[in-house]
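Structural overview for review
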Amino acid sequence: MNILLIGAPGTGKGTMSELLVKNYGLVHIATGDILRQSIKEGTEVGKKAQSYIEKGLLVPDEVIHDIIVERLKKDDVQKGFLMDGYPRNLEQAKDFDKILEEVGTDIDLVVLMELDEAILADRITGRRICKDCGQIYHVVNKPSKVEGQCDNCGGELYTRKDDTLASLKTRLDEYHHATMPIIEFYQNKGLLKHVNAALGKDEVYAAIVKLMEESNDQH
Ligand SMILES: [Zn+2]
C-alpha cells in the first residue's frame, strides 16, 4: 500500500504517519531525511546533492527526483511507503508520476487531512511547550496542572514563535497556494480521499485505515 498524506500544519499528519509506519510496516519517506541519508551513505546522487549544499545552494528538483528513485528502489519498500511533505507543488506531483513509472509502482491512496481553519488556529495558538523537557501542552485540550508550569519537570511553558495567528495565516496561505493544484491533480486521478482531522486521534486513524481497506478491495 503506497500512501500520500496531505494536510496543513497542525492537522496531525505526523501522528498519523507514526501510527501507519508502526502498524503497517510502511516506509516513511520525507525528502529531507532521505536526502541526509544519501549524503551519509555517499551514493552518487548523495554526492551530487552535497555539492549543492556545500555551495549554499538549494538541491535542484532533478537531484531530489534521483534521490527519491534511489530510495524507492530499496528492498524495504515492499510493504509500501508513506510520502510525507512531497510532492509540495504541482510540478513535483507531475514529476512524482515519472518517478513511480521509473520505479514500477503506483500510488494507491491520497489522504487529505481536512480541518476547519478556526479549529486549526485554536490548536496552534493554544500550544505551550516546556522549555526544559519539550513536553507539549494545550491551554484547553491538554492543560498543565499549574498554569505556565510543566507537569513533568516544573519547567516554564512558552509559546513557539511560529505559533501565532499571523504566522499561521502566512503558513496556511503558502500551503493552500501550493496544495490546491495537487489536490485537484489527484482528484482527477480518482485517488483523493478526505478525512475529517477535527475528530480525535483514534477516530482519524480508524478513518484512514478504512480508506486503506476500501482501496485494497478495489485493487
Ligand atoms: Zn518539562
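Just so it is clear, the structure is predicted and the values come from calculations on it, not from any experiment.

1. Thoughts on the coordination of the zinc ion
Bound to the zinc ion are the protein donor atoms Cys130 (SG), Cys133 (SG), Cys150 (SG) and Cys153 (SG), situated 2.3 Å from the metal. Viewed at the metal, the four donor atoms of the zinc ion are separated by angles of 100 to 118 degrees, and the geometry they form is tetrahedral. A residue is classified by how much of its surface remains accessible, and Cys130, at 2% relative accessible area, is buried.

2. As for the sheet that holds strand β7 (residues 157-158)
Spatially, β6-β5-β7 is the arrangement adopted by the three strands of the open sheet, whose pairing is antiparallel. Single-partner strands in this sheet number two, and they are β6 (136-138) and β7. By the bridge criterion, two bridges tie strand β5 (residues 127-130) to β7 in an arrangement that is antiparallel. In the strand pairing of β7, Ile129 is matched with Tyr158. Docked against the sheet, helix α6 (residues 117-125) engages β5 and β6, running at close to 20 degrees with respect to β5.

3. Topic: the packing of aromatic side chains
As enumerated under the stated definition, the model contains two aromatic pairs in all. Between Tyr86 and Phe96, the aromatic rings sit 5.6 Å apart at their centres with planes inclined by 85 degrees, giving edge-to-face as the arrangement. With a gap of ten residues between them, Tyr86 in the loop between β3 (81-84) and α5 (90-103) and Phe96 in helix α5 connect regions that are remote in the sequence. Neither Tyr86 nor Phe96 differs from the other in exposure class; each is buried.

4. Some details on the domain arrangement of the protein chain
In terms of domain boundaries, the protein chain breaks down into domain 1 (3-116 + 167-218) and domain 2 (127-162). The straight-line distance from the C-alpha centre of domain 1 to that of domain 2 is 30 Å.

5. Here's the deal with the nonpolar core
Membership of the largest hydrophobic core comes to 59 residues, with the highest contact counts inside it found for Ile68, Phe81, Phe96, Tyr186 and Ile208. Top contributing element to this core by residue count: helix α7 (residues 165-188), with seven residues. Here Tyr186 is in contact with Leu4, Pro87, Ala93, Phe96, Val110, Leu191 and Leu192, once residues within four sequence places are set aside.

6. Quick word on the packing of α5 against α7
In contact at an axis separation of 8 Å, α5 and α7 are set at 35 degrees when each is read in the N-to-C sense. Where α5 abuts α7, its residues Leu90, Ala93, Lys94, Phe96 and Asp97 lie against Ala178, Pro181, Ile182, Phe185 and Tyr186.

7. Let's talk about the pairing of β3
The two faces of β3 match: Phe81 and Met83 on one face and Leu82 and Asp84 on the other face are all buried. Two strands pair when backbone bridges link them, and strand β1 (residues 3-7) and β3 are joined in this way by three bridges, in the parallel orientation. Bridge pairing links Leu4 to Met83 in β3. Pairing between strand β2 (residues 27-30) and β3: four bridges, direction parallel.

8. Points about the environment of Gly12
Position of Gly12 among the secondary structure elements: in the loop between β1 and α1 (13-24). Sequence separation of Gly12 and Val111 is 99 residues, and the distance between their C-alpha atoms is 12 Å.

How each quantity is defined
- Residues numbered from 1 in each chain as written.
- Predicted model: local features only at pLDDT ≥ 70, side-chain atom pairs only at ≥ 80, totals over all residues.
- Heavy atoms only, no water.
- Donors = N, O, S within 2.8 Å, 3.2 Å for Na, K, Ca; no water.
- Tetrahedral: all angles 85-135°; square planar, octahedral: opposite > 155°, others 65-115°.
- Buried < 20%, exposed > 50% of the residue type's maximum accessible area, 1.4 Å probe, protein only.
- Pairing = 2+ DSSP bridges.
- Helix = DSSP H or I, 4+ residues; strand = E, 2+ residues; numbered from the N terminus.
- Contact = heavy atoms within 4.5 Å.
- Axes fitted to C-alpha atoms, helices over the stretch in contact; angles between N-to-C directions.
- Phe/Tyr/Trp six-rings, centres within 6.5 Å; stacked < 30°, edge-to-face > 60°.
- Domains from an automatic or database assignment.
- Core = buried A, V, L, I, M, F, W, Y, C linked by side-chain atoms within 4.5 Å.

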